[in-house]
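Residues per chain are reported as follows:
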Amino acid sequence: MVSCEPMTTTLTFRRPDDWHLHLRDGAMLAGVIAHSARQFARAIAMPNLDPPIVTAAQALAYRERILAARPAGSDFAPLMTAYLTDGTDPADLAAGFERGVFAAAKLYPAHATTNSAHGVTEVGAIYPVLERMERIGMPLLVHGEVTDPAVDVFDREAVFLERVLARVIGDFPALKVVSEHITTEEAVRFIEEGPATVAATVTPHHLQFNRTAMFQGGLRPHLYCLPVLKRERHRLALRRAATSGNPKFFLGTDSAPHPAAAKEAACGCAGVFNAPVALESYLTVFDEEDALDRFEAFASEHGARFYGLPLNTGTVTMRREPTEVPARIQTPAAEVVPYQADATLGWRLVAG
Ligand code: DOR
Ligand code: ZN
């Protein structure tokens, strides 16, 4: 349903979804949700709250808080995820999926990232859970980084694929797995060469910046996220994958707001708040790669098909016109610095 005017100044396409989003809770949720609701019909809501979303009852209550925080008239729909721990009960998790509370479950290796202290210490600990998920068709979403302090932070994704994910896929051949926010050439190859049960999300920031940008003229804490940005060759591999038309790659922003003060600090938090400009940023990449005709599939079709969910019916329209990004965004919780702060982007979302 992509319709392009001759010079492609306007692009209308099926309403997209965000397959990886941190909406937070309370005052931060209230301050950030409108940015996602403006662009996306649905979003996979990450469960790494403090305390994490472990049970179906917690997920239902969190879902209600998200729905209540939406702007008036919004039909934005959160898809809830369970945070896996060493103690996750397979029967409880399966019941939550079968009742339609959970869309998926998230594997955070313990201490890999923000609020992952309750995560899984060793993947063998959740084998009974994975066996059950495989049987009922419940997708496993993976933060793919090892936490071994001996492994260099820039290598943690590649080592995870080799040491952990290859084993999980081999042991559970029918398990649906999404490797979230992939950052490396090795991950692209792993997904491309893997079975059809394995897919990946790609963020705007990993498509647009490499690790050198994090140090451009000084330390840039607002580009710091996990997995951390990588070398240029990895960024180029991600751009090739995302714009290739391969259905294993789809949109997942990993938008992760933190108070500005928590990032501009001696020990800054990981996370890029890209929700205000997500579609504009992705579309810029597809435009630069001369792949506008493949944008709709990446943004609005591949993810839903992988999850086995219906495609959205409405449309959104983007126009090629300058869009200024504010330096800071005030939320009831704190000031937050958006991705691309102070930049002028080349596309604008004009109608949802
Ligand atoms: O940069 C990140 N921020 N990576 C994650 O995995 C978590 C996220 C967050 O929740 O802040
Ligand atoms: Zn994330």
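In this text the structure is predicted, and so the values were computed from the model without any measurement.

(A) View of the overall build of the protein chain. Looking only at helices and strands, one finds 11 helices and 16 strands in the protein chain. Over its C-alpha atoms the protein chain spans a radius of gyration of 19 Å, differing by no more than 12% from the 20 Å that the globule rule assigns to 352 residues. Along the longest, intermediate and shortest principal axes, the C-alpha atoms of the protein chain span 55 × 45 × 45 Å. Within the protein chain, the fraction of its 352 residues that count as buried is 57%.

(B) The side chain of Thr203, seen in detail. Examined against the element boundaries, Thr203 turns out to sit in the loop between strand E9 (198-202) and helix H7 (204-208). A polar contact of 3.3 Å, which involves the side chain of Thr203, links it to the backbone nitrogen of His205. Residues within four places of Thr203 in sequence aside, it is in contact with His181, Gly252, Thr253, Asp254 and Tyr282.

(C) Representation of the packing of helix H3 (residues 90-98) against helix H4 (residues 127-136). Between H3 and H4, the shortest axis-to-axis distance is 9 Å and the interhelical angle comes to 25°. Comparing the axis directions of H3 and H4 gives the class roughly parallel. Seen from above, H3 lies across H4 with right-handed handedness. Listed contacts from H4 to Pro90, Ala91, Leu93, Ala94, Phe97 and Glu98 of H3 are Pro128, Val129, Arg132, Met133 and Ile136. Across the contact of H3 with H4, the residue classes break down as 9 nonpolar, no polar and 2 charged.

(D) The site of ligand 1, seen in detail. Close to ligand 1 lie 13 residues, the nearest being Arg24, Asn48, Thr113, Leu226 and His258. In this structure, His258 approaches ligand 1 through a side-chain N or O atom, which is 2.8 Å from an oxygen atom. Burial of ligand 1 by the protein amounts to 100% of the accessible area it has alone, namely 290 Å². The class makeup of the residues in the shell around ligand 1 is 4 nonpolar, 7 polar and 2 charged.

(E) Local environment of the pattern of salt bridges. Summed over all chains, the structure comprises 19 salt bridges. Where Asp148 meets Arg163, a salt bridge forms, and the shortest distance between an N and an O atom there is 3.5 Å. Linking Asp148 in the loop between strand E7 (140-142) and helix H5 (156-171) with Arg163 in helix H5, this pair joins segments that are 15 residues apart in sequence. The partly exposed category is assigned to Asp148, whose relative accessible area is 28%.

(F) Representation of the coordination of the zinc ion (ligand 2). For the zinc ion (ligand 2), the full set of protein donor atoms is His20 (NE2), His22 (NE2) and Asp254 (OD), and the range of their distances to it is 2.0 to 2.1 Å. Expressed as a motif, the donor residue spacing for the zinc ion (ligand 2) is H-x1-H-x231-D. Of this pair, His22 sits in the loop between strand E3 (18-21) and helix H1 (26-39) while Asp254 sits in the loop between strand E10 (249-251) and helix H9 (260-263); the two residues are 232 residues apart in sequence, bridging distant segments of the chain. Judged on exposure class, the residue His22 and its partner Asp254 are both buried.

(G) How the structure looks around the state of the cysteines. Counted under the stated rule, the structure contains 0 disulfides. Note on Cys267: no disulfide assigned, nearest cysteine sulfur contributed by Cys269 at a separation of 7.5 Å. Assessed through its relative accessible area of 72%, Cys267 is described here as exposed.

(H) Here's a closer look at the packing of aromatic side chains. Per the stated rule, a full pass over the model turns up 11 aromatic pairs. Centre to centre, the rings of Phe286 and Phe298 are 5.2 Å apart; their planes meet at 40°, and the pair counts as tilted. Taken as a pair, Phe286 in helix H10 (residues 278-288) and Phe298 in helix H11 (residues 295-307) lie far apart in primary sequence, 12 residues in all. Clustering of aromatic rings is evident, with ring pairs tying together Phe13, Tyr282, Phe286, Phe295 and Phe298. When the ring centre of Phe306 is taken as reference, the NZ or CZ atom of Lys176 above it lies at 5.7 Å. Above the plane of the ring of Phe154 lies Arg211, whose end atom (NZ or CZ) is 4.6 Å from the centre.

(I) Focus on the nonpolar core. Ranked by size, the top nonpolar core spans 77 residues in total, and within it Leu130, Leu140 and Val168 carry the most contacts. Broken down by element, this core gets its largest block of residues, 7 residues, from H5. Residues within four places of Leu140 in sequence aside, it is in contact with Leu84, Ala105, Leu107, Leu130, Met133, Val168, Leu175, Lys176, Val177 and Val178.

(J) View of the environment of His258. With respect to the element layout, His258 can be found in the loop between E10 and H9. Spatially, the C-alpha atoms of His258 and Val272 are 8.1 Å apart, while their sequence positions differ by 14 residues. Those residues in contact with His258 that lie beyond four places of it in its chain are Arg24, Met28, Thr114, Lys263, Cys269, Ala270, Gly271, Glu335 and Val336. Of the polar contacts made by the side chain of His258, one reaches the side chain of Arg24; its length is 3.2 Å.

(K) Seen up close, the sheet that holds E9. Reading across from one edge, E3-E4-E5-E6-E7-E8-E9-E10 is the order of the 8 strands in this open sheet, with parallel pairing throughout. The open sheet terminates on both sides in strands that have one partner only, identified here as E3 and E10. Adjacent strand axes in the sheet meet at a mean angle of 30° when their direction is disregarded. Across 3 bridges, the pairing between strand E6 (residues 102-107) and E7 is parallel. Considered in E7, the bridge of Ala105 is made with Leu140.

Analysis parameters
- Residues numbered from 1 in each chain as written.
- Chains lettered and ligands numbered in written order.
- Predicted model: local features only at pLDDT ≥ 70, side-chain atom pairs only at ≥ 80, totals over all residues.
- Heavy atoms only, no water.
- Helix = DSSP H or I, 4+ residues; strand = E, 2+ residues; numbered from the N terminus.
- Rg over C-alpha atoms; globule rule 2.2 N^0.38 Å.
- Buried < 20%, exposed > 50% of the residue type's maximum accessible area, 1.4 Å probe, protein only.
- Polar contact = N/O pair within 3.5 Å; in protein donor to acceptor, adjacent residues only side chain to side chain.
- Contact = heavy atoms within 4.5 Å.
- Axes fitted to C-alpha atoms, helices over the stretch in contact; angles between N-to-C directions.
- Parallel < 35°, antiparallel > 145°, perpendicular 65-115°, else oblique.
- Left-handed = near helix turned anticlockwise from the far one by under 90°.
- Nonpolar A, V, L, I, M, F, W, Y, C, P; charged D, E, K, R; others polar.
- Near = heavy atom within 4 Å.
- Areas by Shrake-Rupley, 256 points an atom, 1.4 Å probe, with all protein chains shown as cover.
- Salt bridge = Lys/Arg side-chain N within 4 Å of Asp/Glu carboxyl O.
- Donors = N, O, S within 2.8 Å, 3.2 Å for Na, K, Ca; no water.
- Disulfide = S-S within 2.5 Å.
- Phe/Tyr/Trp six-rings, centres within 6.5 Å; stacked < 30°, edge-to-face > 60°.
- Lys NZ or Arg CZ within 6 Å of the ring centre and 35° of its normal.
- Core = buried A, V, L, I, M, F, W, Y, C linked by side-chain atoms within 4.5 Å.
- Pairing = 2+ DSSP bridges.

Everything listed is a geometric property; what it means functionally is a separate question.
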